[in-house]
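Spelled out from the first residue to the last, the chains are:
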Amino acid sequence: MRVILFLVLSLSACASPAPLFLGATRHDITLDGIRFAVFQKPHEAEVIRLGYLTRRERMAVPELMVIAAERTTGCRAIPNSLRSRIPGDTGEARLSLRCPPG
């Protein structure tokens, strides 16, 4: 039983991108005590929140996801492009990027 619990807790600390983002560049960042993994493709990013948050703590996450993507990629997020596969989910989201040439 302890082995199963250890495996579950170990895997919950990992972040894997969606199949569309396999091979993407990974960036890790912590903002306001919340850890994020950002997977970057040329003009798009997937942001995954790591760790557990209460409902109240999740309220700031969408804005922090945008900041995480911008800070780690050096690109600007296209306004209102943040989308989650599950509406209202703060565990994962994708957004479009406008990156500087070069």
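Residues numbered from 1 in each chain as written. Predicted model: local features only at pLDDT ≥ 70, side-chain atom pairs only at ≥ 80, totals over all residues. Heavy atoms only, no water.

A few words now on the pattern of salt bridges. Summed over the entire model, instances satisfying the criterion amount to 6 salt bridges. For R26, the salt bridge identified is with D28, shortest N-O distance 2.8 Å. Since its relative accessible area comes to 51%, D28 is described here as exposed. Connected via shared salt-bridge partners are E46, R85, E92 and R94. (Salt bridge = Lys/Arg side-chain N within 4 Å of Asp/Glu carboxyl O. Buried < 20%, exposed > 50% of the residue type's maximum accessible area, 1.4 Å probe, protein only.)

A few words on helix α2 (residues 61-73). Along its 13 residues, α2 runs 18 Å from first to last C-alpha, staying within 8% of the 18 Å computed at 1.5 Å per residue. For α2, every residue scored as buried is listed here: V61, L64, M65, A68, A69, E70, T72 and T73. Summarising the contacts, the buried residues of α2 are in contact with β1 (25-31), β2 (34-41), β3 (44-50), β4 (76-77) and β5 (92-98). (Helix = DSSP H or I, 4+ residues; strand = E, 2+ residues; numbered from the N terminus. Expected span 1.5 Å × (residues − 1). Contact = heavy atoms within 4.5 Å.)

This paragraph deals with the pairing of β3. Burial within β3 is extensive, with 6 of its 7 residues counted as buried. Inspection of the sheet shows β2 paired to β3 by 7 bridges, in the antiparallel sense. Its bridge partner being in β3, V38 is matched across the sheet by V47. Examined bridge by bridge, β3 and β5 share 5 bridges and lie antiparallel to one another. Its bridge partner being in β5, I48 is matched across the sheet by E92. (Pairing = 2+ DSSP bridges.)

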